[in-house]
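Listed here are the chains, written in short residue letters.
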Amino acid sequence: MTPMYWPRPVTHSSPFPYETKSDRMTGRHEAVLPSEAVDALSVRSDGVYVDGTFGRGGHSELILSVLGPAGALYALDRDPEAVRAAGVRFAHDGRFRIERGSFESLERFCDGWGITGRVDGLLLDIGVSSPQLDDPRRGFSFLQDGPLDMRMDPSEGPSAAQWLRQTDEHEIADALWRYGEERYSRRIARAIVCTRSESPIDTTAALASLVAGAVPSRERNKHPATRTFQAIRIIVNRELDALKAGLEQALAVLRAGGRLVVICFHSLEDRLVKRFIRANARVPQAPRRLPVADTGAGAKLRAVGKLVRPSEAECRANPRARSALMRVAEVLA
C-alpha cells in the first residue's frame, strides 16, 4: 500500500467532552495520557509501532521523539481530515506512514505494510477527537448547531440523521439504553418517532432540543442529550464492533513481547478491553480426566500493571481526559 499524504492543513479550535460549555478549551487537540501511553508501549529506538487512531498526532509525535532512525511508525485514521493533518505535520519524516482506514482492518493494513507479526507496540485511543467535536459540520456536538452527521468517515455508511429516519422505535430505544445507558430511552425514542413523522430531525440542535423536552429530570453538569448523542455516534460508526475486531487482530500483528495499549472513555469500551485481556490471559482448561500437567502454556497475553487514570493535573489542563481509562497487555511467546 502506498502511504497517503495530503497537502492541505486543517486547523480547529477544540472543545472537550460536550457536557457543558465550561469544558471548552482553545488550541490544538491534546493527547490523553500521553507520557503514560508511550511509556506503556516501552518504545525501542529501532522498533516498529502502530498508532491505530492518529487523531491529530499527539501520541504519534511522542513515539517519534523516542524512535531512532531505524524505527518506524505506521498510523491509521478513518477521518480524512486527520489524514490531511498528518500529511502536514509529518510529511518530511521518513519513519512515518499513514493510511486512511479503521483499525477494524488492522491486519489487512499491516499485511500491506509488511509488518504483520513484527509490530512492537499498538496504541488505540478510542472515541471522538476534539477537532471532530468542535466542527459543527461534523454533527458530533450539540454545543453548536450543524447537520446531524456523526460519521468519523463522512463517506461511509448512513449519517445519524439517516439512521434516525429509517430505524424503528424499539430499535432506537434499545440502542439508547445499550450504548448510552440512557434510562429514558423509551421516552426519547417515542419522541423521535413522533417528531420525524411531521418533520425530519436533520440538525444537532433539533435532536438536542427534542431530547431535552422528552427527559423529565436532569443530571448535574450534564446536558440531557449527552447519552443520546453518545449512543447514536457509537451505532453510526460501529465503534464497539470495530474495537472487538481490532483487539482480535492485535494478536496477529504484534510480535512476542509486543505491547497493546488501549485508552477508552466510557465503561462499554473499557469492559470489552478488560474482558479481552482477561480471556486471552487465561490458560485453556484441559479435560479433567486427562493426565495433562498445567504448564501455563496456551495463554496469549499478560496484563501489564493496573488500570491507569489521568492525574488531577492533566484533568485540570485537559477536561477531555477526565473519563480516560488505559489498559496495557503484552503478547506472550
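Predicted, not measured: the structure shown is a model, and the values here were computed from it. (Residues numbered from 1 in each chain as written. Predicted model: local features only at pLDDT ≥ 70, side-chain atom pairs only at ≥ 80, totals over all residues. Heavy atoms only, no water.)

Visitor: Looking at this model, I keep getting lost on the pairing of strand 7 (residues 325-331). Mind explaining?
Guide: The side chains of a regular strand alternate, first on one face of the sheet and then on the other. For strand 7, a buried count of seven out of seven residues is recorded, marking the element as mostly surrounded by other parts of the structure. Summarising the sheet, strand 5 (residues 254-264) and strand 7 pair through six bridges and their orientation is antiparallel. Bridged to C264 within strand 7 is L325. Here three bridges tie strand 6 (residues 301-303) to strand 7, and the two strands are oriented antiparallel to one another. Along strand 7, the bridge assignment pairs R302 with E330. (Buried < 20%, exposed > 50% of the residue type's maximum accessible area, 1.4 Å probe, protein only. Helix = DSSP H or I, 4+ residues; strand = E, 2+ residues; numbered from the N terminus. Pairing = 2+ DSSP bridges.)

Visitor: Would you mind going over the sheet that holds strand 7 with me for this structure?
Guide: Adjacent strands of a sheet pair through backbone hydrogen bonds, lying either parallel or antiparallel. The strand order 3-2-1-4-5-7-6 describes an open sheet built from seven strands, whose pairing is mixed. Strands with a single pairing partner mark the edges of an open sheet, and in this sheet they are strand 3 (96-100) and strand 6. Strand-to-strand twist across the sheet, computed as the mean angle between neighbouring axes with direction ignored, equals 20°. (Axes fitted to C-alpha atoms, helices over the stretch in contact; angles between N-to-C directions.)

Visitor: Can you help me understand the environment of D125 in this one?
Guide: Take D125: it is sitting in strand 4 (residues 119-125). Given the relative accessible area of 10%, D125 is considered buried. Expressed as a C-alpha distance, the spacing of D125 and A31, which sit 94 residues apart in the sequence, is 8.9 Å. Each residue touching D125, except ones within four places of it in the same chain, is listed here: T53, H59, I263, F265 and R320. (Contact = heavy atoms within 4.5 Å.)

Visitor: Before we go on, may I ask you to explain the pattern of salt bridges in this structure?
Guide: Two side chains of opposite charge can pair, provided their charged atoms sit close to one another. All chains considered together, the criterion is met by 20 salt bridges. In this structure, R44 engages D46 in a salt bridge whose closest nitrogen and oxygen atoms are separated by 2.6 Å. R44 sits in the partly exposed class, given a relative accessible area of 33%. (Salt bridge = Lys/Arg side-chain N within 4 Å of Asp/Glu carboxyl O.)

Visitor: Honestly, helix 9 (residues 204-214) in this entry has me stumped. Any pointers?
Guide: An α-helix turns once per 3.6 residues; consequently, residues spaced three or four apart project the same way. Taken together, the buried positions of helix 9 are T204, L207, A208, L210, V211 and A214. What you see down the axis of helix 9 is that its buried residues fit within an arc of 160°, all on one side. In helix 9, those exposed residues whose orientation departs by more than 90 degrees from the buried face are S209 and G213. Contacts made by the buried residues of helix 9 are with helix 6 (160-166), helix 8 (185-196) and helix 10 (226-237). (Arc of directions from axis to C-beta.)

Visitor: Please explain the nonpolar core as it appears in this structure.
Guide: For soluble globular proteins, nonpolar side chains are generally found buried alongside one another. Residues L148, L164, I188, I192, L207, F229 and I232 are the most contacted members of the largest nonpolar core, which totals 36 residues. Of all the secondary structure elements, the ones that give two or more residues to this core are helix 6, helix 7 (169-180), helix 8, helix 9 and helix 10. Those residues in contact with L207 that lie beyond four places of it in its chain are L148, L164, I192, I201, F229 and I232. Grouped together as the second largest cluster of nonpolar side chains are 31 residues, A72, F109, L243 and L247 included. (Core = buried A, V, L, I, M, F, W, Y, C linked by side-chain atoms within 4.5 Å.)

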